[in-house]
Each structure stands twice: as C-alpha cells, then as structure tokens.
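Topology and contacts: notes
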Amino acid sequence: MKRTSIILGVATLVALGGFAIAAQGADLPNIKVLATGGTIAGAQASATDYGYKSGAYDVNSLIKAVPNLDKLAVITGEQVANIGSQDMSDEIWLKLAKRVNAVLAEPGTSGALITHGTDTLEETSYFLSLVTKSDKPVVMVGSMRPATAISADGPGNIYNGVAVAADGRAKGKGTLVVLNDTIHYARNVMKTDTTSVQTFQSLNRGPAGVVHTGKIEWFEPMDKKQGKASEFSVDTLDKLPRVDIIYAHANMSADLIDAAIKNGAKGLVIAGVGDGNMTTPALDALTKAAKSGIVVVRSTRLAEGIVLRNNEVNDDEKGFVASGELNPAKSRVLLQLALTKTNDPVRIQKMFYEY
Ligand code: DGL
C-alpha cells in the first residue's frame, strides 16, 4: 500500500523495534529491510586492510549509508540475523521465511529487501522463492566489498535493490537477486567468482533484467513455479529434512555416501562429473540408497548445462531424480522442501521439472 507522508525536510523516525527513514514526498511504497549480515555489513580495520569481519554493522547503519533512499521508498529496518552467510542454517531460513511472509501480509508493506552474505545467497533466495506466499516483490542484495572498503558496492546494491522492490513490475516474479546493476531470478543465479563484484551470473538463462542507478529494464519472464504458485510452505515447519551434497571426482569411493546415510540423510544430491555421472562404486552405493528409500538427485559439478534424465545413467532403472538446470546447492534446497511432501522419486522428478 502506498502512503502519503507529510514531512518537512528529511525526517528520521525511530519505530518500535526498528529503524525508519521517512520518505520525502507523497505516495512512496513502504519497503521493509530485513538484514541478516554478510560482507555488505562487514568492516575492515581500515579501508585498505586485507580481511574483514562479516556482519559488523546493523540494519540501521546499512540504511543510513545509502544516499537518497528516502526518495525511492519509506524504509523500515529489522535485524533477523547478523552472520556470515557461510553459517546460514535451516533454522535461520525458516525464521527468515516466516518473517518475510508476515511482513508481506501487512497491508501497508509494498515489498521486502533482504541483505545477505553472498556465499549462500543463491540458496537462501531459491528457498524464499519456493515458500513466499505473496506476489509482493522480495529482493535480496549483498556485496563483495565490505562497507568500509574503497569503492564499497553495498550502498549501490541496496539503492538498486530498493528501486527493484519498489517497482510494481517486480510483483509476481518470485525472489529476485540484485547485485552489480543486474537483476537475477533466484532459481537461475549462481555465485561464480570468489572476489569479483561481477560474481553473480544466471548462466543457463541470462539475467531477469538490469538496473542502473535505480532505472530498471526487465528482460524475459520466469516460466517456473514460485511464490504463490508453489506448493511448499514453512507455516507448520520447525525443521527441514537432512539432505547432503556429495562431490564426485576421479577415483571416488562410496565412503562419503555411506557416511551421509549413516548420519541420517534423507536425501542425497550428487554433484556429478559431466552430465551428473560418477564412478562405479559411487553409482552402486547410490543405487542401494535409492532402493532403501533415500531420494537421490543427480546434479553436476559443472557451472552450466542441464542434467538430462536417463542420458548416461539410467534413472528409471535406478530410481534417481535428474536435476535438470538446478546446480547441487539449489537441488539440495528443492529436495529438502520436496521431502516435506513425499519421498517418491517419481513425484520429486516432476517437482524438479516444475520448479
Ligand atoms: N562469508 C561471507 C558471507 O557470505 C562473506 C562473503 C560476502 O558476503 O560477500 O557472508
């Protein structure tokens, strides 16, 4: 909902439990910023120091650091977590997803912006895109350089992220990821470079759009199920099924597969070589696992391409699921949610086609 604010000059509102920047001018959208930590909130000892601590700044500081944000939207902030995203957990995912749903259900909220570390941003964004029960825009941003760095990229990413969250055309597009002037669908985006600001790429399909200093161009729509069309919900969940990823390589043994099963994995994703392939001992161990009711998804350790069903490995015979376009990290997310509904590999394969 848009709101008319009568404000003289730049005003700062301190709201209950959070921080608000009151926008100048009328009829601006209300965007809720949910902060979770990451480099975007990171601090170095000095601007040229190597190394930094993730999650050193809180949501209020992040918002205040962005010039003219109040011209785009009425911003309120909330700290959901303050971690490096390498520590992202099922527990925080569930907490965040429930907060996103609650915030978007408020009639006054137009959209949500989530700040997040870049390491697991591709997983959190895909998780949210599958469990958010609203058409209102959800945008995730991070940064590759800490807040104190020379040419910090965080403030620009927040500015562009708010512009996208405030854009009516972002409605119904599922969770979006905005970094380095590019808009990505959560399902497609992947971190590809350890340090470059150009790290996020939608390799198989290309980006959802571009955004330059708040000016947006949208490209192709997303044809996969997400948001309100998704059958998954976190409402009644307080934990997620355990799914492990096993990385395939030359001379791979069955040892790590056996260890995952012994430790309680209900699903396994193999980051296979090439088109989701693996050594004979690994294949035999996964075949045995699938026969015992553990759901096995074949993905690939390669950055691009599609893992085709029954191509090199006979999935029908072995009871496997082929991941299609989903990389191992995203396959794990979808498999965790799929396992909240069924452990039938045929039904789960259908989900991998649809989502
Ligand atoms: N370990 C990090 C994290 O994901 C820092 C990387 C980043 O945010 O860019 O939080």
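Check the entry above for the structure.
Let me sum up the structure you'll find in this document. Note that this is a predicted model, so its numbers are computed, not measured.

Although it is not a glycine, Asn180 sits at a positive phi angle of roughly 50°. With relative accessibility at 32%, the residue Asn180 sits in the partly exposed group. The phi dihedral of Asn310 is positive, around 60°, even though this residue is not glycine. Relative to the assigned elements, Asn310 resides in the loop between strand E16 (295–300) and helix H7 (315–318). Overall, Asn310 belongs to the partly exposed group, its relative accessible area being 31%.

A few words on helix H3 (residues 121–131). Residue pairs three or four apart in sequence face the same way in an α-helix, which turns once every 3.6 residues. The element H3 is extensively covered by neighbouring structure, given that 11 of its 11 residues are classed as buried. Considered for burial, the residues of H3 that qualify are Leu121, Glu122, Glu123, Thr124, Ser125, Tyr126, Phe127, Leu128, Ser129, Leu130 and Val131.

What follows concerns empty space enclosed by the protein. Over the atoms rolls a probe the size of a water molecule, and its path tells where empty space is left. Taken as a whole and judged by the stated rule, the model has 1 cavity of 30 Å³ or more. A volume near 170 Å³ is recorded for the largest cavity. As for the largest cavity, its lining consists of 19 residues, and the residues nearest its centre are Asn188, Asn204, Ala303, Glu325 and Asn327. Here the lining of the largest cavity is built from residues that sort into 6 nonpolar, 8 polar and 5 charged.

What follows concerns the layout of surface pockets. One number sums up the size of the largest pocket: a volume of about 380 Å³. Lining the largest pocket are 20 residues; nearest its centre among them are Thr39, Tyr52, Met144, Thr194 and Thr195. Of the residues that constitute the lining of the largest pocket, the class distribution is 4 nonpolar, 12 polar and 4 charged.

Okay, the environment of Leu94 next. Its location among the elements puts Leu94 in helix H2 (residues 90–105). Along the backbone, Leu94 and Tyr52 are 42 residues apart, and their C-alpha atoms lie at a distance of 28 Å.

Residues in contact with the ligand, as listed here, are Gly38, Thr39, Tyr52, Ser54, Gly84, Ser85, Gln86, Gly117, Thr118, Asp119 and Ser143. Here Ser85 contributes a side-chain N or O atom positioned 2.5 Å from an oxygen atom of the ligand. One of the side-chain nitrogen or oxygen atoms of Thr118 is found 2.4 Å away from an oxygen atom of the ligand. For the ligand, whose accessible area on its own is 280 Å², the fraction buried by protein is 92%. Counting atoms within 2 Å of the grid points, the majority share of the ligand lands in the largest pocket.

Both faces of strand E9 (residues 182–185) are covered, namely the face carrying Thr182 and His184 and the face carrying Ile183 and Tyr185. Hairpin connection from strand E8 (residues 175–179) to E9: 2 residues lie between these consecutive antiparallel strands, with Asn180 at a positive phi of about 50°. Of the pairings in the sheet, the one linking E9 to strand E12 (residues 209–212) comprises 2 bridges and is antiparallel in character. The partner of Thr182 across the bridge, within E12, is Val210.

Remember that side chains alternate between the two faces of the sheet whenever the strand is regular. Where burial is concerned, most of strand E6 (residues 111–115) is hidden: 5 out of the 5 residues are buried. Note that strand E4 (residues 28–37) and E6 share 5 bridges and pair parallel. Note that in E6 the partner of Val33 across the bridge is Leu113. Note that E6 and strand E7 (residues 138–141) share 4 bridges and pair parallel. Its bridge partner being in E7, Ile114 is matched across the sheet by Met140. For the crossover that starts at E6, traverses H3 and ends in the parallel E7, the hand is right-handed.

Definitions and cut-offs
Residues numbered from 1 in each chain as written. Predicted model: local features only at pLDDT ≥ 70, side-chain atom pairs only at ≥ 80, totals over all residues. Heavy atoms only, no water. Buried < 20%, exposed > 50% of the residue type's maximum accessible area, 1.4 Å probe, protein only. Helix = DSSP H or I, 4+ residues; strand = E, 2+ residues; numbered from the N terminus. 1 Å grid on protein atoms, 1.4 Å probe; cavity = no way out; pocket = protein on both sides within 12 Å on 5 of 7 lines; lining within 4 Å. Points joined across faces, edges and corners; volume = space filled by probe spheres on them. Nonpolar A, V, L, I, M, F, W, Y, C, P; charged D, E, K, R; others polar. Near = heavy atom within 4 Å. Polar contact = N/O pair within 3.5 Å; in protein donor to acceptor, adjacent residues only side chain to side chain. Areas by Shrake-Rupley, 256 points an atom, 1.4 Å probe, with all protein chains shown as cover. Sits in = over half its atoms within 2 Å of the grid points. Pairing = 2+ DSSP bridges. Right-handed = clockwise from strand over helix to strand, strands pointing away.

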